[in-house]
Amino acid sequence: MGRKQAGALRDRNVYTKRFDRHFEELRWLYMELYDNGSMFAELCDNLECFYNERGQALKALDEKREAHAQWYRQNDMLGMMLYIDNFAKDLSGVRQKLDYIKRCHVNYIHLMPFLDSPKGRSDGGYAVADFRKVQPELGTMADLEKLTEACRQENISVCMDFVMNHTSEDHEWAKRARQGEGEYMSRYFFYDNGEIPAEYEKTVPQVFPTTAPGNFTWLPDAGHYVMTSFYPYQWDLNYRNPRVFNEMMYNFLFLANKGIDIIRIDAVPYIWKELHTQCRNLKQVHTIVRMMRMISEIVCPGVLLLGEVVMEPEKVVPYFGTIEKPECHMLYNVTTMATTWHTVATRNVGLLKKQLDIVNALPKEYVFLNYLRCHDDIGWGLDYDTLRTYGMEERSHKDYLNQYFQGYAGESNSRGELYNADPVTGDARFCGTTASMCGIEKALSMKDDEALQRAVRLDVMLHAYMFMQSGIPVLYSGDEIGQCNDYAYKNDADKAADSRYIHRGALDWEAVGRIDEAGSAEAEIFGRLGQLESIRKSEKAFVSVADTWTIDTGDASVLCIARRYEGEEIIGIFNFSEHDKTVHMEEIGGKCLDMISGQYREGMEAELTAYGFCYWKLSDQ
Ligand code: GLC
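Residues numbered from 1 in each chain as written. Predicted model: local features only at pLDDT ≥ 70, side-chain atom pairs only at ≥ 80, totals over all residues. Heavy atoms only, no water.

### Details of the overall build of the protein
Definition in use: The secondary structure listing takes helices from DSSP runs of H or I that are at least 4 residues long and strands from runs of E that are at least 2 residues long, numbered from the N terminus. Our radius of gyration looks at C-alpha atoms and nothing else; its globule reference is 2.2 Å times the residue count to the power 0.38. Here's how the labels work: a residue is buried when its accessible area is under 20% of the maximum for its type, exposed when over 50%, partly exposed in between, all with a 1.4 Å probe on protein chains only. By definition, residues are in contact when any of their heavy atoms lie within 4.5 Å. Each accessible area is a Shrake-Rupley result for a 1.4 Å probe, and residues are judged covered by the shown protein chains and nothing else. Within this scheme the basic residues Lys and Arg register as positive and the acidic residues Asp and Glu register as negative, but His and the chain ends are omitted. Where a charge lies is defined by one atom per residue type: Lys uses NZ, Arg uses CZ, Asp uses CG and Glu uses CD.
Of the regular secondary structure elements, the protein holds 22 helices and 25 strands. Taken against the 2.2 N^0.38 rule, which gives 25 Å for 621 residues, the C-alpha radius of gyration of the protein at 25 Å falls within 12% of a compact globule. Referenced to the eigenvectors of the C-alpha coordinate spread, the extents of the protein come out at roughly 70 × 65 × 45 Å. Out of the 621 residues belonging to the protein, those deemed buried represent 61%. In the protein, the share of contacts with a sequence separation of at least 24, taken over all contacts with a separation of at least 6, comes to 71%. Counting only carbon and sulfur atoms, one obtains 48% of the accessible surface of the protein, whose full area is about 24400 Å². Between the averaged position of the 69 positive side-chain charges in the protein and that of its 94 negative side-chain charges there is a distance of 4 Å.

Structure (structure tokens):
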């Protein structure tokens, strides 16, 4: 047998083993949902084709990762989300900037949506017209492969969005459906009169109550309503149709084979629709995600699934599946993020401590992505039952937070804008960058140096606290230099109505140039975050499976988080108030290393400047 034949035989054996491991369960779930043996057979044939097409370098990485299933749970994981055009114009620009990404200590980049999407009707790229084509201004599929290959050389993982809930109205299926081709209409939700849409509206909440009210769009040319949970140009796919499921799985595998390491399943709770329900988190969604997990474990086990579930913890956690039957590898820690900003506005860590305790009590196999800001708005999804016991009502508290972060209420230095203020419910969400929300924008505009120092301290403290949480921290591009809000979107007719663009500005490379200028705010933030990132990467107590818990500090504004792994223990203490604080930490006696100054210290008193923090490593010395 020649070398080539032996390689092919080996590949086949690897595939067969993976396939056999999942076949029974996959068939069972597929038949339960679709009861269609020939479509299942087609799916299986295609899985093998995608496996055969998968490059040898990716197959080798798959095996390496299979053998080391903890690979993404280490303390070296640090993510960054970026828009390709904002960051470096196009895909090859990003490739040329990998040195900067490495300088940020980042080893996983989330490339915001880059697939073909119509101008002006793209929802930031979340309306995909072709799952196999890159937006021409950003490059080509070949450029994407070049980038993922270069990232692989540098041990940087690449994440992309897989927008599976809907397609753009410009997608070929949508165009053919619009022309009345039944085969394609059945891939969406079409109704020739308003009766069923009206029934749905009774129970389905609205995603964009102001910018895109309602869940259906009337198509006068087609004489039909089509379901559009998001914008009218984003048509919901009908996963009751096995053709939709199969084809979308082929698209997923096509993209995985381009060298993508992490697939972010966009808007996953929405993918199954059922009349008289909220059309969120239905059990069929979990069947689909579980099938997707098995499909990836068969074809490309090195690929991770990241679920986008922007909901309260009880709804997020089921997307991990069970230990025996896992679904997503990673999920966003969204409630903690929102609660963090609530804490900034109230200077009271009570609710945050409770929220962290909930997350810390979950099985350690669950990996959360922690973040301060992302490309979307902040919805005030807080634990209002608990807040009520503090005397805070949902309606008035949301109003307060929105007022506060616009800079109108309380002792606020924040700047930003409301998002989707709903005239009916009175609800609104909030947009702004971390730096602007911390007061950097206001301090700069007022040329107030002291205020700037304080705002930078708050910004750095929030990152230090985020790095202490259980899971993987993800930076939002620009936050590493404290980039402020960008109001230019108001002059762009395609963006003006969507205030999320306030925090989607182009990276200011001139400001990046100042990271080496001692005394600049950019150098201060970049340098201090860099120090925290180095600490995190060098201390094993930061691995994802470490024990993590909170400790009461006796001060309503001061939070303490502890982590322990293999006998090593680290404590982080964070002051969420603008006043200097001294807290007495009963539980921490003896000598410990102040990891920021590098000096040993003794005693139970922690002295914190306004918005200051400390990282201590407990030691027996
Ligand atoms: C996700 C994205 C958001 C987008 C929506 C619709 O929630 O994060 O930006 O508007 O999906 O695809």
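### Section: the site of the ligand
Applied cut-off: The criterion for a residue being near a molecule or strand is simple. One of its heavy atoms has to lie within 4 Å of it. Residues are grouped as follows: nonpolar covers Ala, Val, Leu, Ile, Met, Phe, Trp, Tyr, Cys and Pro; charged covers Asp, Glu, Lys and Arg; every other residue, Gly included, is treated as polar.
Close contacts around the ligand come from 13 residues, with Asp123, Asp266, Glu308, His375 and Asp376 the closest. In isolation the ligand exposes 310 Å². Once the protein is present, 94% of that is buried. Grouping the constituent residues of the shell around the ligand by class yields three nonpolar, three polar and seven charged.

### Quick word on the environment of Tyr239
Inspection of the secondary structure assignment puts Tyr239 in the loop between strand S10 (234–236) and helix H11 (242–256). Relative accessible area serves as the criterion here: at 1%, Tyr239 is assigned to the buried category. Between the C-alpha atoms of Tyr239 and Val285, which are 46 residues apart in sequence, the distance is 9.2 Å.

### Overview of helix H15 (residues 350–360)
Stated precisely, the cut-off is as follows: Arc definition: it is the arc formed by the directions from the helix axis to the C-beta atoms.
Buried within H15 are the following residues: Leu351, Leu352, Gln355, Leu356 and Val359. An end-on view of H15 places all buried positions within 135 degrees of arc, on one side of the element.

### Re the sheet that holds strand S8 (residues 216–219)
The criterion, for reference: Strands qualify as paired when DSSP identifies two bridges or more between them.
Here we have three strands laid out as an open sheet, ordered S7-S9-S8, and antiparallel in their pairing. Among the strands making up the open sheet, the edge pair consists of strand S7 (190–191) and S8. Strand direction decides the pairing type here: S7 and strand S9 (residues 224–227), joined by two bridges, are antiparallel. Residue pairing for S9: Tyr191 is matched across the bridge by Tyr225.

### Overview of the sheet that holds strand S20 (residues 568–575)
Which entries qualify depends on this criterion: Every axis in this analysis is a line fitted to C-alpha atoms, fitted for helices over the stretch in contact. Angles between the N-to-C directions lie between 0 and 180 degrees.
In spatial order, the strands read S18-S19-S20-S25-S22-S23; together these six strands make up an open sheet with antiparallel pairing. The open sheet has two free edges, formed respectively by strand S18 (547–551) and strand S23 (600–602), since each of these has just one partner strand. Here the strands of the sheet are splayed against their neighbours by 30 degrees on average, with no regard to which way each runs. Here strand S19 (residues 558–565) runs beside S20; their pairing, made up of eight bridges, is antiparallel. Looking across to S20, one finds that Leu559 is bridged to Phe574.

Just geometry here; none of it tells us what the structure is for.
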